[in-house]
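# Analysis of the macromolecular model
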Amino acid sequence: MQRRDFLKLSVGTAAVAAFASSAKAQGTSQGAVKEIRVGYQKTGVLVITRQQATLEKHFAPLGVDVKWVEFSSGPPMMEAMNVGSVDFGAVGDSPPVFAQAAGAAIVYAAGQPITNGQGILVPKDSPIRSIADLKGKRVGFTKGSSAHNIVVQTLEKASLTYADITPVYLTPPDAGPAFANGSIEAWAIWDPYFAIGETKQGGRILINARDVTKTNSFFIANRDFARNHGAVLQQIIDMTTAAGRWAEQHRDEVAKSLAAITGVPLDIQTLAANRANFVVGPVTDDVVTTQQGVADRFHKLGLIPKPIVIRDIVWRNPAA
């Protein structure tokens, strides 16, 4: 499918015209923006949006550039967003919790349920057959990532504590080789790394995250960007939402987009795309409640230094 077809299917000519009209109507907010910096990882709706140049097609006529910045995981993206180097990006559930606890200048702009594509892997010939078997084992994951939350909640499911394992904090690019060479005995991770570990590095799924808990991913914005440029942020969310609707119906094209942008092989991205959820929606009360549970759990374990209130940093478009 050509890029022009994507734009027609996802946003549509009429919608683009409406976005442009809205931008002109709120000229003060729009006029101050010269560049939008978007953080993304190796999967998800934003990768598709980048590959199809959806934001560029919309904002270029308005004199606004779009810059894309890739991150290996959510925590460094939150750091960049806090200092104003990134305006908008997609992360799992845990990075914004750690960021909020550290006083980061971020807000929740939109949400997305995670229905598949993350969990805990063990080597195919590993004697680890149940969650209880993780006791005393070296479990690798990225500190402050969604995988961190999965580890914590998986242990709770088997009445184990965080002290019952040896956490090994590794970024996804470092954890893959460590898993393959046996330096860690289990690996908590998300797609496409989850698919890589499962198909290329001899992994067996010990637990799928969806069987443990309900999780969400989020679209996060820099707080000042959201406050000062709400009209622009809403346009980004609207186009991302439209891209997600298109992706739900065109998974083969999604896999090609993901592979083209990230360099991850097509077979891996096909597996990831076929089990992913691309639906983008508002941060509802139910989503806030789920996310508050994540925050409360991390505070109870001493992983964040103070209690936080998720609702305090949920962005609501004042013009809505």
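Rules used in this analysis
Residues numbered from 1 in each chain as written. Predicted model: local features only at pLDDT ≥ 70, side-chain atom pairs only at ≥ 80, totals over all residues. Heavy atoms only, no water. Axes fitted to C-alpha atoms, helices over the stretch in contact; angles between N-to-C directions. Helix = DSSP H or I, 4+ residues; strand = E, 2+ residues; numbered from the N terminus. Parallel < 35°, antiparallel > 145°, perpendicular 65-115°, else oblique. Left-handed = near helix turned anticlockwise from the far one by under 90°. Contact = heavy atoms within 4.5 Å. Nonpolar A, V, L, I, M, F, W, Y, C, P; charged D, E, K, R; others polar. Pairing = 2+ DSSP bridges.

When two helices pack together, you describe them by how their axes are tilted relative to each other and by the distance separating the axes. Two elements in contact, helix H13 (residues 251-262) and helix H14 (residues 266-275), have axes separated by 8 Å at closest approach and are oriented at 130°. With respect to each other, H13 and H14 are oriented oblique. Crossing handedness for the pair H13 and H14: right-handed. Across from Arg251, Val254, Ala255, Lys256, Leu258, Ala259 and Thr262 in H13, the residues of H14 making contact are Leu266, Gln269, Thr270, Ala273 and Asn274. Tallied by class, the residues present in the contact of H13 with H14 amount to six nonpolar, four polar and two charged.

Next up on the list: the sheet that holds strand S10 (residues 215-222). Strand order in the open sheet made by the five strands is S2-S1-S3-S10-S4, with mixed pairing throughout. Of all strands in the sheet, those with a lone pairing partner are strand S2 (65-70) and strand S4 (106-114), marking the two edges. Going across the sheet, the axis of each strand differs from the next one's by a mean of 20°, ignoring polarity. Pairing between S4 and S10: eight bridges, direction antiparallel. Paired with Val107 across the strands is Ala221, a residue of S10.

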